[in-house]
Every structure is written in structure tokens, then in C-alpha cells.
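Understanding the architecture of this molecule
These are the residues of each chain, in order.
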Amino acid sequence: MFLVGLTGGIASGKSTVVAMLQELGCAVIDADVIARQVVQPGFLAYQRIVQAFGPEILMESGEINREALGSIVFSLPEKRQLLNSITHPEIQKEMLKQILKYFVLGYRYVILDIPLLFETNSLTRFMKLTVLVYCDPQTQLSRLMRRNGLTQAEAEARIATQLPLDQKVKLADHVIDNSGSEEATQRQVLKLHSSLEDSLDFLWVRFMAVTAVVGVGGLVCFLLQRLVS
Ligand code: ADP
């Protein structure tokens, strides 16, 4: 199996492309969903966040008030680092669990939907391929304003918190240009899908896994034979 990292910029069309890939039967792991899941009560990250930030960041329901926590870490970089040091390992563990699940189910590749893949950068080395959903800056701005009901200044401020798409283009192995119609994007997604389906890169990990299982099995047989003889 191999991993494909899918990313974009705010309102560049990543969710649109993910929906198309899922429609084609691809396994997609959504990092945002996992990030929300690991801070739910009962998870290790939840306990650590409450220990580190105090019960005042909790809502009456006992859940973490994401907005309150967000405003603390937005203004204090050292608190942001602390929060990331708590949540990132838990997110990665959960991702690994889901990757293993798809591996056992026989998937040849898994797509990891990671909004800030290039900003955080720590996961790119595990990807066989990185895919960027791009659209030109003017289209990005107008789609964001329309989708979120924002003024131009508000939308520009949100876009400015991320690495510009033109820079991400240089970092990606493959670019889907979503500046045009959804049909034009669908055609690019179909092309990407067939090249992923045709790739034989999954064989290497399969081969390693089979070798490991056969190797361990052989060792166990050998030891059992020695024990009974
Ligand atoms: P992201 O997940 O990257 O934030 P979305 O997929 O939600 O972006 O797309 C942002 C907005 O633009 C949505 O309202 C979506 O319906 C619209 N959109 C996406 N792609 C296209 C396209 N090719 N043509 C027209 N509108 C689009």
C-alpha cells in the first residue's frame, strides 16, 4: 500500500475533489475529522488539554470549547506549540490505525486529506505522492466570500493565514487545477484516479508484509520443532 497526501488552500476545492474521489471508491482519511475526534471526552488528548489549559476551557457539557481554546492559542505561540505537542501524536496514532484498517481490507493506496500538509510538513515524507487542489487567487477569493458569506477583507485575512497556493504548487507532485468548471475538475480527478489504480507501488509494502509474516511464522515453527524434539 502507499499513501497519497491531498491538500489545498481554503476554498480551493479540496472537499469537492475528495467527494469525487470517494464516489470513485477511494479510501480517504480526513485529518480534520480525526483532529475533532481526539479532543472528545474519553480520549487521552482531552485529558492532557484539560490538565494543561485548566477546566475553564470546558463547556457545561464537559466538551472542550474549541473557540475559547482557539483564541488562547491564536495569540500565544508557546500555547499553540503546547496544544500541538498534545494533539499531533494522538492524531497521527489515529491516522495510523485507520491506515492499517485499510491495509488489512486490501486497499492499494489511501488518500490522506490534510489541509495544512505543506504548512506542517512533518507528514510529507510518508507520502508517495502529494496532490494539491489549486485554483487561481481571484477564484479562491470569490468562492470563499460566497461560501462563507464573508466580506473581501475578511476572506483575504483568512487566506493570508495559509501558505499561498502559488507556493504550494512548487511543493506538490501533482496539481489539480480547480479554477474552471466542476466538469473540468472531474476530468482531472478521473485521470489521477486511473494513474493511482494502475500504480504498482503498493506491491512493495505487500511484499514486505508477506516476508515479515512468513519470516516470523518460519521462526515460530523452527522454535516449536526444537522444543518438541
Ligand atoms: P475547500 O474544501 O478547499 O475549502 P470546497 O470544495 O468547499 O473548498 O469549495 C469551495 C466552494 O467553491 C464551495 O462552495 C464549492 O461548492 C465551490 N466550488 C468548488 N469547486 C468549484 C468549481 N469547479 N466551480 C464552481 N464552484 C466550485
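Scroll up a little and you will see the structure.
Here's a quick rundown of the structure. The shown structure was predicted, so the numbers you read here are calculated from the model rather than taken from an experiment.

Things to note about the overall build of the protein chain
In terms of helices and strands, the protein chain carries eleven helices and five strands. Dimensions of the protein chain, computed from C-alpha atoms along their principal axes, come out at roughly 80 × 50 × 30 Å. Per-residue burial over the protein chain gives 36% buried out of 229 residues. Once local pairs closer than 6 in sequence are excluded, the contacts in the protein chain between residues at least 24 apart make up 73%. Counting every atom, the protein chain has about 13,600 Å² of accessible surface; 59% of that belongs to carbon and sulfur. Averaging the locations of the 22 positively and 23 negatively charged side chains of the protein chain gives two centres separated by 7 Å.

Details of the pattern of salt bridges
All chains considered together, the criterion is met by four salt bridges. When the shortest N-O distance is used, the salt bridge between Lys 93 and Glu 90 registers 3.1 Å. Of this pair, Lys 93 and Glu 90 are both found in helix α5 (residues 77-104), three residues apart, which corresponds to roughly one turn of the helix. On the accessibility criterion, Glu 90 (12% relative accessible area) is buried. The salt bridge involving Glu 94 is made with Lys 97; its shortest N-O contact spans 3.4 Å. With Glu 94 and Lys 97 both in helix α5 and three residues apart, the pair spans about one turn of that helix. Look at Lys 97 and you get exposed, because its relative accessible area is 55%.

Basis of the calculations
Residues numbered from 1 in each chain as written. Predicted model: local features only at pLDDT ≥ 70, side-chain atom pairs only at ≥ 80, totals over all residues. Heavy atoms only, no water. Helix = DSSP H or I, 4+ residues; strand = E, 2+ residues; numbered from the N terminus. Buried < 20%, exposed > 50% of the residue type's maximum accessible area, 1.4 Å probe, protein only. Contact = heavy atoms within 4.5 Å. Areas by Shrake-Rupley, 256 points an atom, 1.4 Å probe, with all protein chains shown as cover. Lys, Arg positive; Asp, Glu negative; His and termini not counted. Charge placed at Lys NZ, Arg CZ, Asp CG, Glu CD. Salt bridge = Lys/Arg side-chain N within 4 Å of Asp/Glu carboxyl O.

So yeah, pure geometry; function would need other evidence.
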